[in-house]
Amino acid sequence: MTDDQFTQAANWDFPVPIKYGPGRLAEVGTLCTAAGCRNPLIVTDRATARLPFVDTLRGHLALAGLGHGTFSDVSPNPTDVEVVAGKAAFFAGGHDSIIALGGGSGMDAGKAISVVLNSPRNLWDFDYNLTPPAELCKADFVPLLCVPTTSGTGAETDSTAMITDTRQGIKGCVWHPAQKPFAALLDPELTIGLPRNLTAWTGCDALTHAIEAYVVPSFHPMCDGVALQALGMIYRALPLALESPASIPARGAMQIGSCLAGVAFLKGLGMVHAISHMVGAEFDTQHGLTNAVLLPAVLRFNAPAIGPKVAPMCQAMGLEGNDFETFYAAVSRLLDHCGIPRSLAEIGVTADRIDSIAAKAMTDTAAGTTPRRFSLEEVKTVIETAMTHAR
């Protein structure tokens, strides 16, 4: 913090009720009933829909006397076409609320569907970069409950959703400030069966959120404190979750750390996400994995702009040194431990799309909150570096 920050006005908003604890999925019926839900639509992705806890969730809803349906036609990178299909499924089933279940894909799809349900407007009228038309500010939103099943996205505490625009081939952020989940339900037991690679990829996603949120230059001491807490928890717990995947303390720390990192990026994100969103739109790569590959190259680019932020991050991680090289080396070691590839090429990205990805990254919401502003040529250079030698 600098002295001049204390002389300027600032507005801070914080999120929603968070219900954490092993076994708390059993409370879903009570939570929904209290929120006035009678027939929720479970929105999740295709892979998650096949997992046993989805039937457990349905059982808890039935036990509470609630109807329910499931919409799972959702890709790893949800599209605007899928949101339209989900809206149709909602009305076809006579539903009155949404349970957004899963990692980023299921929760983003559920949140995007909840935003457009009672509006005649197109999904992209809710683009984060636009000022909503007056009638959108009066929208009657349905109750929304978010239930994360991974520890990475941190998407459970607000309405923002990353959706692929199939016409333009980009990822865009849709939202409405008045639509927030009535609760986020965090049950670490849901993450115990997560495969090692997804534990690593989603965990690195959360790590990236904490780092990028903290180094956003805007003044938000609450988010900064949350980001550092998240960073310390994730840095310590992710190796434990990989080594002891059935450990509730490790899985719980990762789920809480992920949620805190998601709260922290109320401040914004940065170049990692600006690039990663567009790589995902063009190559359908897993988001957390893409972030993890890009993170070191972006850290190198940002190094001149984040000097005062490095020591607090080192301290949060429990490192012996407080300089950038110590911080960078620790992040790189964790990525190595997680088995993260050392180039974008290894995850299927091709060099012929660098120009396209760079141009689209310049338009991403996260490009506006990065600690070091970048030009088109600079972002191309970072992508070129990450293509062959990311760390």
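Just above, that's the structure.
Rules and cut-offs
Residues numbered from 1 in each chain as written. Predicted model: local features only at pLDDT ≥ 70, side-chain atom pairs only at ≥ 80, totals over all residues. Heavy atoms only, no water. Helix = DSSP H or I, 4+ residues; strand = E, 2+ residues; numbered from the N terminus. Rg over C-alpha atoms; globule rule 2.2 N^0.38 Å. Contact = heavy atoms within 4.5 Å. Areas by Shrake-Rupley, 256 points an atom, 1.4 Å probe, with all protein chains shown as cover. Lys, Arg positive; Asp, Glu negative; His and termini not counted. Charge placed at Lys NZ, Arg CZ, Asp CG, Glu CD. Axes fitted to C-alpha atoms, helices over the stretch in contact; angles between N-to-C directions. Parallel < 35°, antiparallel > 145°, perpendicular 65-115°, else oblique. Left-handed = near helix turned anticlockwise from the far one by under 90°. Nonpolar A, V, L, I, M, F, W, Y, C, P; charged D, E, K, R; others polar. Buried < 20%, exposed > 50% of the residue type's maximum accessible area, 1.4 Å probe, protein only. Pairing = 2+ DSSP bridges.

What to know about the overall build of the protein
Stage number 1. Each helix and strand counted, the protein has 14 helices and 8 strands in total.
Stage number 2. Compactness check: the protein gives a C-alpha radius of gyration of 20 Å against a globular reference of 21 Å for 391 residues, within 12% of the reference.
Stage number 3. The dimensions of the protein, computed from C-alpha atoms along their principal axes, are 55 × 50 × 45 Å.
Stage number 4. Sequence-distant contacts, at least 24 apart, represent 82% of the contacts inside the protein between residues at least 6 apart.
Stage number 5. For the protein, the exposed area adds up to about 15,000 Å²; of that, 56% sits on carbon and sulfur atoms.
Stage number 6. The average position of the 27 basic charges and that of the 37 acidic charges among the side chains of the protein differ by 2 Å.

A look at the packing of helix α7 (residues 221-243) against helix α11 (residues 307-317)
Axes are the key here: two packed helices are described by the angle between their axes and the distance separating the axes.
Stage number 1. Close contact between α7 and α11 brings their axes to 8 Å; oriented N to C, the two are set at 45°. Taken together, the axes of α7 and α11 are oblique relative to one another. The two elements α7 and α11 cross, and the hand of that crossing is right-handed. Residues Leu228, Leu231, Gly232, Tyr235 and Arg236 of α7 form the contact with α11, whose own contacting residues are Pro312, Met313, Ala316 and Met317.
Stage number 2. Classifying every residue of the contact of α7 with α11 gives 7 nonpolar, 1 polar and 1 charged.

Description of the pairing of strand β4 (residues 97-102)
Stage number 1. With respect to burial, β4 is a largely interior element, 6 of its 6 residues being buried.
Stage number 2. Alignment of strand β2 (residues 40-43) against β4, held across 4 bridges, turns out to be parallel. Opposite Pro40, over in β4, you have Ser97 as the bridge partner.
Stage number 3. Examined bridge by bridge, β4 and strand β5 (residues 144-148) share 5 bridges and lie parallel to one another. Counted as the bridge partner of Ile99 is Leu145 from β5.

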